[in-house]
Every structure is written in structure tokens, then in C-alpha cells.
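Results of the structural survey
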Amino acid sequence: MLSSNMMFYLPLLLALLISTTTSDTCCQDRVVLGDWFVAHGSPDLLEEPIPPLVDYVKTNPYDDPSNPPPSPDVYCAMQWSNTTDPATGLRKYRLKNFDSEAAAKSANFSITHKGHCGSCSTLQDLGVYIRQNLTDSTRRCGMEGIISSEWQHECLREIGFSEECITIWAYNIINTRSNCFWVCMWSNVTKEPFNKPDGSLNDCLQCDEDKSGPNFKYFSGRTRRNSGIPSAIKRPDSQRYYMEHCYWYGDL
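The shown structure was predicted, so the numbers you read here are calculated from the model rather than taken from an experiment.

Here we come to the layout of surface pockets. Remark: the empty space left among the atoms is shown by a probe the size of a water molecule rolled over them. Size it by volume and the largest pocket reaches roughly 890 Å³. In this structure, the largest pocket is lined by 37 residues; those nearest its centre are Thr135, Leu205, Asp208, Arg224 and Ile233. Grouping the amino acids of the lining of the largest pocket by side-chain chemistry returns 17 nonpolar, nine polar and 11 charged. Size it by volume and the second largest pocket reaches roughly 390 Å³. The wall of the second largest pocket is formed by 19 residues, among which Ser71, Lys114, Lys217, Thr223 and Asn226 lie closest to the centre. For the lining of the second largest pocket, the element with the most residues is helix H9 (residues 213–220), which contributes three residues. Each residue belonging to the lining of the second largest pocket can be placed in one class, and the counts come to seven nonpolar, seven polar and five charged.

What follows concerns the state of the cysteines. For the structure shown, the criterion picks out six disulfides. Each sulfur of the disulfide joining Cys120 and Cys165 lies 2.0 Å from the other. In this structure the cystine formed by Cys120 and Cys165 twists about its S-S bond by roughly 95°; its chirality is therefore right-handed. Residue Cys120 is located in the loop between strand S3 (110–114) and helix H4 (123–131), and its partner Cys165 is located in helix H7 (residues 163–189); the two are separated by 45 residues in the primary sequence. On the basis of relative accessible area, Cys120 is assigned to the buried category, the value being 0%. Of note for the protein chain: the bonded cysteines, numbered N- to C-terminal, pair according to 1-12, 2-3, 4-7, 5-6, 8-11, 9-10.

What follows covers a nonpolar patch on the surface. Together, Met143, Ile146, Ile147 and Trp151 line one region of the surface with nonpolar side chains, adding up to about 420 Å² of accessible area. At three residues, helix H5 (residues 134–147) tops the list of elements feeding residues into the nonpolar patch.

Strand order in the open sheet formed by three strands is S2-S1-S3, and the pairing between neighbours is antiparallel. On the outer flanks of this sheet lie strand S2 (91–98) and S3, each paired with one strand and no other. Strand-to-strand twist in this sheet, taken as the mean axis angle between neighbours without regard to direction, amounts to 30°. Bridge count for strand S1 (residues 75–84) against S3 is three bridges, and the pairing is antiparallel. Residue pairing across strands places Ala77 opposite Ile111, the latter belonging to S3.

Reading guide: rules and limits
- Residues numbered from 1 in each chain as written.
- Predicted model: local features only at pLDDT ≥ 70, side-chain atom pairs only at ≥ 80, totals over all residues.
- Heavy atoms only, no water.
- 1 Å grid on protein atoms, 1.4 Å probe; cavity = no way out; pocket = protein on both sides within 12 Å on 5 of 7 lines; lining within 4 Å.
- Points joined across faces, edges and corners; volume = space filled by probe spheres on them.
- Nonpolar A, V, L, I, M, F, W, Y, C, P; charged D, E, K, R; others polar.
- Helix = DSSP H or I, 4+ residues; strand = E, 2+ residues; numbered from the N terminus.
- Disulfide = S-S within 2.5 Å.
- Buried < 20%, exposed > 50% of the residue type's maximum accessible area, 1.4 Å probe, protein only.
- Patch = residues over 30% accessible without salt bridge, like charges linked within 9 Å, V, L, I, M, F, W, Y side chains within 5 Å.
- Areas by Shrake-Rupley, 256 points an atom, 1.4 Å probe, with all protein chains shown as cover.
- Salt bridge = Lys/Arg side-chain N within 4 Å of Asp/Glu carboxyl O.
- Pairing = 2+ DSSP bridges.
- Axes fitted to C-alpha atoms, helices over the stretch in contact; angles between N-to-C directions.

Okay, structure coming up:
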């Protein structure tokens with residue numbers, strides 16, 4: 001029979017076990033794994049055929065009120081190629097949309113996120129998402145964008161995003177600035193927590209979610225939530241796709 005002390009610690013131990021076994025980084029150091037994917041996952045290493053939305057977002061999707069289009073219930077998956085890039089010696093890889101997890105596994109692909117592949121689905125962008133909390137850093141880029149769009153672009157590049165991914169982040173920031181400027185300025189000035197006491201988003205984040213979220217999710221493909229990556233912003237478990245990113249090769 002368990003003692004009262006053991007009964008107290010058992011839930012904590014179980015929680016630790018669950019968080020370890022379902023770790024999105026396969027129990028690897030977050031920064032080390034993220035840096036590996038950034039270094040080995042450039043869009044230049046993608047092999048044809050490349051999914052159509054894995055590209056630059058060439059026009060502002062927020063200008064078209066009919067956006068976003070319906071999003072298919074699919075999975076974006078990757079597979080390493082045996083071909084190497086002659087300039088870098090790095091292995092090339094493929095991205096492909098699958099109707100189910102089972103179909104991806106049957107084709108020897110690894111799921112990289114739920115939903116269709118988009119402009120941020122590359123492994124370089126996966127690495128960026130894994131290795132850092134993006135909320136504060138992208139918010140800083142948005143503040144720099146008030147002064148200069150070039151500064152904003154360079155800020156996003158310094159975070160590590162691919163040029164393809166930067167395009168949708170830039171449009172997202174511009175749209176949020178246009179629709180949520182004052183509520184977000186107040187949130188920044190008062191250093192408002194990301195979540196209210198009841199767990200809901202603060203007004204700035206909720207505005208961004210409502211006004212910019214749908215187009216961002218569609219055109220970016222990858223988000224932290226659909227890649228199983230934890231965030232400083234608390235979200236309901238139902239919004240997160242739990243998965244692991246265990247598909248590196250060689251040494252980290």
C-alpha cells in the first residue's frame with residue numbers, strides 16, 4: 001500500500017514521465033536540435049515535386065476577403081533523400097502532403113506537422129520554432145517594422161526564418177498592426193501576461209488570433225501548435241497536435 005507521501009508525489013512523477021515520453025524534441029536539448037534542423041533544412045535542399053504552398057507568399061493574402069481557402073484535413077510529412085547537395089554535402093529532402101498518418105508512414109515519410117505543407121513547413125523553419133520562444137522575438141520585429149519594413153525583414157531573418165516563411169510572417173505582422181495596434185501597444189506597455197487568469201488569451205493575442213490567425217495558419221502551413229511545439233502562450237490541449245521530431249541523421 002502506498003504511503004501518503006508517495007501518493008502525493010505519484011501524480012508529479014507520472015506527469016514528468018508523460019512530458020518526457022511525448023517530448024517534441026525526443027528528449028534532446030531544444031537549442032541543439034533546433035540548430036541542427038536550421039543548418040540541415042534549408043529550402044534549397046528540397047527535391048521536386050515541392051508542394052505548391054511551400055513557396056514565397058507573393059501577394060498579401062489579407063487583401064482578399066475570400067481568404068483563406070478551405071484547408072484540407074491532411075498531414076505534411078518529410079523524407080530524407082539519398083542525394084546530397086554538391087555545394088554543402090548535406091542531404092536533400094522531400095515534403096509531401098498525405099491524407100493520413102498511416103499513409104505517410106507506409107510511404108516511409110515522417111510527419112513534420114498536421115495540416116498541409118506551406119511556406120514555413122521547411123525543416124529550417126522547424127528548427128527556428130523548436131529552439132526559441134517566438135512570441136517576444138517576433139513582437140520585437142513588429143515594433144521595428146513601425147519604423148522600417150527593411151528593419152522588420154532583417155529582424156525576422158536574424159531569428160532564422162527561411163525567406164519563404166518570412167513573407168507570411170511579414171504580412172501577418174502588418175495585418176495585426178493595422179487591426180490591433182492600440183490594444184497591443186497597451187499590452188506591451190503594461191507588460192500584460194499572455195494569458196488572463198481564466199486561461200484565455202490577452203486582448204492583443206486574441207485580436208491577432210481573430211484578425212490574422214486564419215490566413216497565417218493556411219499560408220504558413222507550420223505553426224507551433226500543429227507541430228507539437230510548446231509555447232509561452234497557453235493553449236487548450238485540443239488545439240495542439242502532439243508529436244515528436246526524431247528524424248535527424250548523423251550526430252547532433
